[in-house]
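Descriptive analysis of the structure
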Amino acid sequence: MRSIPIFLLFCFLCFKCKKELRKTNDNRGVIAKNAMVVSARAEASQIGIDILQLGGNAFDAMVATELALAVSYPVAGNLGGGGFMVYRSANGNIGSLDYREKAPLAATRDMYLDDSGDVIPGKSTLGVASIGVPGTIAGVFEVHKKFGTLPLESLLKPVIELAKKGVVVTNKQEKRIQHYQQFFKKVNKDSIIFDAQWKAGDTIKHAALAKTLERILKYGRNEFYKGETSKVIVKFIQEHGGIITEEDLASYKAKWRKPITFNYDDLHIISMGPPSSGGICLGQIMTMLEPFPLNDYGYNSLKTIQTITEAERRAYADRSFYLGDPDFVKIPVSILLNRAYLSGRMRNFSFEKATASESLSHGNIQINESTETTHYSIVDQFGNAVAVTTTLNGAYGSKLYSNELGFFFNNEMDDFSSKPGTPNMFGLIGGEANSIAPEKRMLSSMTPTIIEKNNKLFMVVGTPGGSTIITSVLQTILNVHEFNMTMQQAVNAPRFHHQWLPNHILAEPNAFDDLLKTKLENLGYPIEERESKILGKVDGILVLEDDALEGGADYRGDDTAIGF
Ligand code: DON
């Protein structure tokens, strides 16, 4: 309750300073000269920074921060989920790692449908049937193998100590745990650590997770996929009626992928490719927006909102038809990002009236051949940059928690399209390209993104938020580039979202004035303002003109920027 007046005050200040944004550049977030880590919890940011101060690089810090989030931010940080990392090394090399979950070998296309072919409510979101084969441990080991400089022991020891020492419950966490307890009870046979009546200020110790991490440190990556831990995982999942086998774990691989790159004005944007839709959709939206003078239209003006909404609508319609796991479906990436194709997509946009989503489908492309998260951004003292978004999907994933191992399992299977035309938990409609198949990765919206300007590192950004991830990353970039905001202002600014279907603009509550909303509605843009709905928790780093780093940590969570 205490946050409501603060939020209102913030909105007031935002609108008040709107006209002055161009001139003033105070209101910066945390500034550091050498290195910065911005993540969902101070404990995780601090461990990342400690690793950098030990002389480690951004990749070492990634390994430690990722696992520290599994301890300090269990709603999304994980061992039982997966994620994506985009990097830009100090020498300008770029790349990305896909450690997304995959469907188990025994998964079938119709596994979430009943005998009449209807989606069984909750089966792909709650409990054991929703779990995809986890990728996080494979991911961090892969990063360490390729780029790490410090011994794993130096990276994992502080995380294990944190798990043993425990993590202090925040106000936000207290409310979150209370809210989800009903689901923990529904899904778990035994009572779990999160069933207790935790209050802000209490310390939760993670002894079981510390033991799991100690075994992983001792025996390496394969401990999770082929060792004792894998056996405990499979036994636990199968006792709850799940289909994941030892073979599923043994065959899991993290995959290096080519990032999606595109230009917008003088920015060069590097983002995650399939099986995330993030990079392609961001590229499509920004390319559709580029010809429009958003800067002249003004920050969150009627025309700006209309233009952004229409570009989003078109990109999400394409997402739904064309995108899936690139190892299973042919994705016409270059056409989807082609300027001529995208300007054609915007041809029927008019400021006079909204395009009805029902009248709009995916673009016509000839193919000559045969689907609670957390983001952190790191820049090290050497100039390496890492953007990572990692997830269990829903808050606490499937809600299934192994007391023996000390972590939650994801419910990522819901990111597949269980049935064409039926929305998943984010309201996203999917098609054949994102149907379920054994070993296939479910389509994601996660958009870890790095931006260069004049061939130099300019920004590192990303967020959780399901389908709203792409549009929150988009607005943060535009806020800095088009509307001259600081990193922290860009993160704080109110956000809106459109995803083709359902046909409405999702707007942060109390962030847009009534007159603007009425004008939008009169033009055919229904507005949906869900009470307390949060559009993402953006964590970004901006390189300033004097090469100092500005961290932008989202006030919507407990996010914290720490630098030195
Ligand atoms: O990969 C995806 O797109 C989703 N599983 C992300 C889920 C998410 O961001 C939930 N957090 N608010």
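This structure is a prediction, so every number in the text was calculated from the model and none was measured. (Residues numbered from 1 in each chain as written. Predicted model: local features only at pLDDT ≥ 70, side-chain atom pairs only at ≥ 80, totals over all residues. Heavy atoms only, no water.)

1. Notes on the sheet that holds strand E17 (residues 505-507)
In plain terms, the rule: Two strands make a pair as long as DSSP finds a minimum of two bridges between them. The way it works is that DSSP assigns letters per residue, a run of H or I at least four long becomes a helix, a run of E at least two long becomes a strand, and they are numbered from the N terminus.
With respect to topology, 3 strands assemble into an open sheet ordered E16-E17-E18, the strand pairing being mixed. Looking at which strands have only one partner, the edges of the open sheet turn out to be strand E16 (496-497) and strand E18 (527-528). Where E17 lies against E18, 2 bridges are found, and the strand directions are parallel. Note on E18: the bridge partner recorded for Ile-505 is Ile-527.

2. Some points on the site of the ligand
Condition: If even one non-hydrogen atom of a residue comes within 4 Å of a molecule or strand, that residue is called near it. In the analysis that follows, any N or O atom pair within 3.5 Å is treated as a polar contact, provided that within protein one partner can donate a hydrogen and the other can accept it, and provided that, for residues neighboring in sequence, both atoms belong to side chains. The accessible surface values rely on the Shrake-Rupley method and a 1.4 Å probe; as for residues, cover is taken only from the protein chains in view. Each residue receives one of three labels: charged for Asp, Glu, Lys and Arg, nonpolar for Ala, Val, Leu, Ile, Met, Phe, Trp, Tyr, Cys and Pro, and polar for the others, Gly being one of them.
Around the ligand sit 15 residues, and of these Thr-373, Asn-393, Glu-412, Asp-415 and Gly-466 come closest. For the ligand, an oxygen atom lies 2.7 Å from a polar atom in the side chain of Ser-444. For the ligand, an oxygen atom lies 2.9 Å from a polar atom in the backbone of Gly-465. Taking 350 Å² as the accessible area of the ligand by itself, protein coverage stands at 94%. Across the shell around the ligand, the residue classes break down as 4 nonpolar, 7 polar and 4 charged.

3. A closer look at the UniProt feature "binding site: L-glutamate" (unreviewed entry) in the chain
Quick reminder of the rule: UniProt positions are given in the numbering used here, feature names are shortened, and annotations may be inferred rather than shown by experiment. Should any heavy atoms of two residues lie within 4.5 Å, those residues are considered in contact.
Here the UniProt-annotated "binding site: L-glutamate" (unreviewed entry) positions come out as Arg-100, Thr-391, Leu-392, Asn-393, Asp-415, Ser-444, Ser-445 and Gly-466. Inspection of the secondary structure puts Leu-392 in the loop between strand E11 (385-391) and strand E12 (401-402). Considering the arrangement of structural elements, one finds Asn-393 in the loop between E11 and E12. In this structure Asn-393 touches Glu-372, Thr-373, Asn-411, Glu-412, Asp-414, Asp-415, Met-425 and Phe-426, once residues within four positions along its chain are discounted.

4. What about the pattern of salt bridges?
Heads up, the rule is: By definition here, a salt bridge exists when the distance from a side-chain nitrogen of Lys or Arg to a carboxyl oxygen of Asp or Glu is within 4 Å. Any residue under 20% of the maximum accessible area for its type is buried, any over 50% is exposed, and the rest in between are partly exposed; the area is computed with a 1.4 Å probe on protein chains only.
Taken as a whole, this structure holds 30 salt bridges when the rule is applied. Residue Arg-257 is joined to Asp-327 by a salt bridge in which the shortest nitrogen-to-oxygen separation is 3.1 Å. Of this pair, Arg-257 sits in strand E7 (residues 255-257) while Asp-327 sits in the loop between helix H13 (302-322) and helix H14 (333-336); the two residues are 70 residues apart in sequence, bridging distant segments of the chain. The class of Arg-257 is buried, set by a relative accessible area of 13%.

5. A closer look at the confidence of the model for the chain
Heads up, the condition is: pLDDT measures the predictor's confidence residue by residue and takes values from 0 up to 100.
Across the chain, the average pLDDT comes to 93, with 94% of residues at or above 70. Here residues 367-371 is modelled with pLDDT under 50, and outside its nearest four sequence neighbours on either side it reaches 14 contacts, counting other chains as well.

6. Quick word on the UniProt feature "active site" (unreviewed entry) in the chain
The UniProt record marks Thr-373 with the feature "active site" (unreviewed entry), using the residue numbering of this structure. Take Thr-373: it is sitting in strand E10 (residues 373-379). Taking relative accessible area as the criterion, Thr-373 reaches 6% and is therefore assigned buried. Those residues in contact with Thr-373 that lie beyond four places of it in its chain are Tyr-73, Ala-76, Thr-389, Thr-390, Thr-391, Asn-393, Met-446 and Pro-464. Looking at Thr-373, its side chain comes within polar contact range of the side chain of Thr-391, at 2.5 Å.

7. Describing the nonpolar core
For soluble globular proteins, nonpolar side chains are generally found buried alongside one another. The condition is simple: Each nonpolar core is a collection of buried residues, namely Ala, Val, Leu, Ile, Met, Phe, Trp, Tyr and Cys, held together in the definition by side-chain atoms within 4.5 Å.
Counting 88 residues, the largest nonpolar core has Leu-282, Met-286, Leu-289, Met-459, Ile-477 and Leu-478 as the members making the most contacts within it. Setting aside residues no more than four positions away along its own chain, Met-459 makes contact with Thr-449, Ile-450, Ile-451, Ile-477, Val-480, Met-487, Ile-541 and Leu-542. Among the nonpolar cores identified, the runner-up in size contains 82 residues, and Ala-40, Val-63, Val-128 and Phe-141 belong to it.

8. Looking at the environment of Thr-389
Within the fold, Thr-389 resides in strand E11. For Thr-389, a relative accessible area of 0% gives the class buried. It is 21 Å that separates the C-alpha atoms of Thr-389 and Gly-427, two residues lying 38 residues apart in sequence.

9. A short note on the packing of aromatic side chains
Which entries qualify depends on this criterion: For Phe, Tyr and Trp, rings pair up if their centres lie within 6.5 Å, where Trp contributes its six-membered ring, and each pair is then called stacked (planes under 30 degrees apart), edge-to-face (over 60) or tilted (otherwise). Each ring is checked for a lysine NZ or an arginine CZ that lies within 6 Å of its centre and within 35 degrees of its normal; such an atom marks a charge sitting over the ring.
One pass over the full model with this rule turns up 26 aromatic pairs. Seen in terms of ring centroids, Phe-194 and Tyr-401 are 5.6 Å apart; in terms of plane orientation they differ by 85°. Their pairing is edge-to-face. Joined through ring pairs, the aromatic side chains of Tyr-180, Phe-183, Phe-184, Phe-194, Tyr-396, Tyr-401 and Phe-408 make up one cluster. A cation over an aromatic ring shows up here: Lys-146 above the ring of Trp-256, its NZ or CZ 4.5 Å from the ring centre. Positioned above the aromatic ring of Phe-351 is the side chain of Lys-303, whose terminal nitrogen or guanidinium carbon lies 4.8 Å from the ring centre.

10. Focus: the packing of helix H11 (residues 278-289) against helix H16 (residues 469-481)
Any two packed helices are characterised by how steeply their axes cross, that is the angle between the axes, and by the distance between the axes. Going by this rule: Fitted lines through C-alpha atoms serve as axes, helices being fitted only where they are in contact, and the angles separating the N-to-C directions of these axes extend from 0 to 180 degrees. Small angles under 35 degrees read as roughly parallel and large ones over 145 as roughly antiparallel, with 65 to 115 read as roughly perpendicular and the rest as oblique. Left-handed describes a crossing in which the near helix is turned anticlockwise from the far one by less than a right angle; the clockwise case is right-handed.
Packing of H11 against H16 leaves a shortest axis separation of 10 Å and a crossing angle of 45°. When the interaxial angle is binned, H11 and H16 end up oblique. The two elements H11 and H16 cross, and the hand of that crossing is right-handed. Between H11 and H16, the contacting residues are Gly-278, Cys-281, Leu-282, Ile-285, Met-286 and Leu-289 on the first element and Ile-470, Val-473, Leu-474, Ile-477 and Leu-478 on the second. The class makeup of the residues in the contact of H11 with H16 is 10 nonpolar, 1 polar and no charged.

11. Quick notes on the sheet that holds strand E15 (residues 456-461)
The strands making up a sheet associate through hydrogen bonds between their backbones, and the pairing can be parallel or antiparallel. Strand order in the open sheet made by the 7 strands is E1-E20-E19-E15-E14-E9-E8, with antiparallel pairing throughout. With one partner strand each, in any of the chains shown, strand E1 (30-32) and strand E8 (260-264) form the two edges of the open sheet. When strand polarity is set aside, the average angle formed by the axes of neighbouring strands in this sheet is 20°. Of the strand pairs in this sheet, strand E9 (residues 267-271) and strand E14 (residues 449-453) are connected by 5 bridges, and their pairing is antiparallel. Counterpart to Ile-269 in the pairing with E14 is Ile-451. Across the face of the sheet, H11 comes into contact with E8, E9 and E14 while running at roughly 15° to E8.

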